[in-house]
Number of protein chains: 2
Amino acid sequence: MAKGSGRISEAVIRRLPRYYRYVRELMQNGVTRVSSAELSKRMGLTASQIRQDFNCFGEFGQQGYGYNVEELYEHLTRILGLDKKYHLIIIGAGNIGQAIANYTDFEKEGFIIDSLFDINPRLIGLSIRGIEIRDVEQLGTFLQDHPIDIAVIATPKSKAQEVADNAVKYGAKAIWNFAPVDIAVPADVAVENVHLSDSLYTLSFKIRELKGE
Amino acid sequence: MAKGSGRISEAVIRRLPRYYRYVRELMQNGVTRVSSAELSKRMGLTASQIRQDFNCFGEFGQQGYGYNVEELYEHLTRILGLDKKYHLIIIGAGNIGQAIANYTDFEKEGFIIDSLFDINPRLIGLSIRGIEIRDVEQLGTFLQDHPIDIAVIATPKSKAQEVADNAVKYGAKAIWNFAPVDIAVPADVAVENVHLSDSLYTLSFKIRELKGE
DNA sequence: TAGATTGTTAATCGATTAACAATC
DNA sequence: TAGATTGTTAATCGATTAACAATC
């Protein structure tokens, strides 16, 4: 099977952004080369695993040398699809929706927020960083004129599946869901469920566990 | 080895909050019993895995009957440590810090936010939902008088490790980190790194993958 | 060249799934 | 009782780690 064409396991996918972060950091610090052994020490993984992971996508290193940091960074950028631009909308302009809209780092990475949507008349018409909050009723009309890649779901859980379905119907290729419910999507749509409360509960679990109860 | 005392794998821990959510939903819908087969269909897991997972913590079911929903919910609540109260502080009162402070659901679950902290003089002295924003310089003094369980890190990444260290020094048992850097903590402290950008990058990865590129 | 480190195969480990006796 | 479904053991699968030949 040709490199880069095989199905990548979820475990590997989860590690990719971490590699990207660590290698970017090295690059920013002016480091020009790194071995899997050095990276393994920094990241708390085995060198073996790092080499296996990279080799899912190609041969990025050189025997006796290691990896060229800049090259590796470029590979990871491309693998993650971060060499492209993505158009987003945020559905739900409450706390989370606004926090994401205000977070400028995503835009620097090529994730462009085209609009927010909400059901609340007091919010509709306002802008966040110049991004207009529109009536969620206009979602379909808007998407017909402005094709998007990613719909961010930041509604209460009761509306989450419905607005996600709508976004998919109008061409969204991915759902980034912050509502505390698992969103179901067709097989050709990507979904990431970010469950903040789940994350918090694992902390209370671990606190209890560490206390030895 | 006695039930409930063995080391629980990370994979099981990640599924626990999901079980909790689904079982709570069943309970709220008035369902009184559920079999592992029914739950498996709803959650997209195998019935075998569900039974294995539950049996890490005890024997919650009954042959020929299944699981009593209310009992199972109580077990999961206790397992996750959600039968207790937790005191939190939020360090960094920017977008994410404020969004979390405004999110009232956590409080309902027993996670009490005692204070926010920031470095910005314009924010210090303000309140969010009655929770005061204090000068981050006062973190140590505050924690000496108000012991906390969880420190939420919502600072820029350059300050994240430093404020986490400080929180741990003054008795924090867990770190909930939203800064885009991996926080290191002693072995007796729990940590959850919530990397929103990592999550977003897996979406761009998957979009590319689904397109078959 | 000699030393270093990769890419890759083989071995190990752990997690998931299947099977089924126990029992409600 | 007969049917259903658990708890648990055994089998399978996949992911991680170890080892090492290839090679820079």
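To be clear, the structure that these remarks concern was listed above.
Anyway, here's the lowdown on the structure attached to this text. All chains use their own residue numbering, which begins from 1 and follows the written sequence. Chain labels run from A onward and ligand labels from 1 onward, assigned in the order the entries are written. Local features are withheld for residues below a pLDDT of 70 in this predicted model, meaning they are given only at 70 or higher, and side-chain atom pairs are given and counted only at 80 or more; totals for whole chains, interfaces and linings count all residues. The side-chain values count all of the structure's non-hydrogen atoms but skip hydrogen atoms and water molecules.

1. Re unusual backbone geometry
Residue and element names in this part refer to chain A.
- Of note in this structure, Arg-129 is not a glycine but carries a positive phi near 50°.
- Mapped onto the elements, Arg-129 comes out in the loop between β6 (127-128) and β7 (131-135).
- Arg-129 gets classed as partly exposed once you look at its relative accessible area, which sits at 36%. Going along the chain from the N terminus, every DSSP run of H or I of four or more residues is numbered as a helix, and every run of E of two or more is numbered as a strand. Burial classes follow relative accessibility: with a 1.4 Å probe on protein chains only, a residue under 20% of its type's maximum area counts as buried, one over 50% as exposed, and anything between as partly exposed.

2. Observations regarding the pairing of strand β8 (residues 150-153) of chain A
All names here are of chain A.
- With burial as the criterion, each face of β8 is covered, one bearing Ile-150 and Val-152 and the other bearing Ala-151 and Ile-153.
- Pairing between strands is defined by DSSP: at least two bridges between the two strands are required. Here β8 pairs with strand β9 (residues 174-177) via 4 bridges, running parallel. Across the sheet, the residue bridging to Ile-153 is Asn-177, located in β9.
- Whether a crossover is right-handed depends on one test, that the path from the first strand over the helix to the second runs clockwise when the strands point away from the viewer. Crossover connection from β8 via helix α8 (residues 157-169) to parallel β9: handedness right-handed.

3. Quick look at the environment of Lys-173 of chain A
- Its location among the elements puts Lys-173 of chain A in the loop between α8 and β9.
- Contacts between residues were defined by any pair of non-hydrogen atoms, one from each residue, lying within 4.5 Å. Here Lys-173 of chain A is in contact with Ile-148, Asp-149, Asp-188, Val-189 and Ala-190 of chain A together with Ile-207 of chain B, once residues within four sequence places are set aside.
- Any pair of nitrogen or oxygen atoms within 3.5 Å is treated as a polar contact; in protein, a donor-acceptor pairing is required on top of that, and neighbouring residues in sequence qualify only through side-chain atoms on both sides. Here the side chain of Lys-173 of chain A touches Asp-149 of chain A through a polar contact of 2.7 Å, side chain to side chain.

4. Observations concerning the interface of chain B and chain A
- Contact with chain B, which involves 62 residues of that partner, is made by 62 residues of chain A.
- Buried area: the sum, over both parts, of the accessible surface (1.4 Å probe) that disappears when the two are put together. Each partner contributes to the roughly 5600 Å² buried at the junction of chain B and chain A, and carbon and sulfur atoms together form 64% of this total.
- For salt bridges, the criterion is a side-chain nitrogen of Lys or Arg within 4 Å of an Asp or Glu carboxyl oxygen. Linking chain B with chain A are 12 salt bridges, by the criterion used here.
- The residue Asp-182 of chain A makes a salt bridge to Arg-18 of chain B at a minimum N-O spacing of 2.9 Å.
- In this assembly, chain B and chain A are joined by 28 residue pairs in polar contact (both at pLDDT 80 or more).
- Residues are grouped as follows: Ala, Val, Leu, Ile, Met, Phe, Trp, Tyr, Cys and Pro are nonpolar; Asp, Glu, Lys and Arg are charged; every other residue, Gly included, is polar. Classifying every residue of the side of chain B that touches chain A gives 35 nonpolar, 8 polar and 19 charged.

5. Regarding the relation of the copies chain B and chain A
- We place the copies in one frame by least squares, fitting the C-alpha atoms of every residue whose pLDDT is at least 70 in both. Each copy of the sequence occupies a distinct position, and chain B is placed on chain A by a rotation of 180° and an axial shift of 0.0 Å, giving an RMSD of 0.0 Å. Seen this way, the second copy is the image of the first under a two-fold rotation axis. Among all residues of chain B, the minimum C-alpha distance to the rotation axis is found for Ala-99 of chain B, at 3.2 Å.
- An overlap of 100% is found between the interface residues of chain B and their copies at the interface of chain A, pointing to a shared contact surface.

6. Details of the side chain of Ser-204 of chain B
- Tracing the sequence through the fold places Ser-204 of chain B in helix α9 (residues 196-210).
- According to the relative accessible area criterion, Ser-204 of chain B is buried, its value standing at 0%.
- A distance of 2.7 Å separates a polar side-chain atom of Ser-204 of chain B from the backbone oxygen of Leu-80 of chain A.
- Ignoring sequence-local partners within four residues, the contact set of Ser-204 of chain B consists of Leu-80, Gly-81, Leu-82, Tyr-86 and Phe-111 of chain A.

7. Comments concerning the protein's contact with DNA strand D
- Taken together, the neighbourhood of DNA strand D is formed by 26 residues, with Ser-48 and Gln-52 of chain A together with Ser-36, Arg-51 and Tyr-67 of chain B sitting nearest.
- Contact distances for DNA strand D include 3.1 Å between a phosphate oxygen and a side-chain N or O atom of Arg-15 of chain A.
- At 3.3 Å from a base oxygen of DNA strand D is found a main-chain nitrogen or oxygen belonging to Gln-63 of chain A.
- Secondary structure elements with two or more residues in the surface near DNA strand D: α1 (10-28) and α3 (47-54) of chain A together with α3 (47-54), β2 (61-62) and β3 (66-68) of chain B.
- It is α3 of chain A that provides the largest number of residues to the surface near DNA strand D, a total of 4 residues.
- For the surface near DNA strand D, the residue count by class is 4 nonpolar, 17 polar and 5 charged. A cutoff of 4 Å decides nearness: a residue is near a molecule or strand if any of its heavy atoms lies inside that distance of it.

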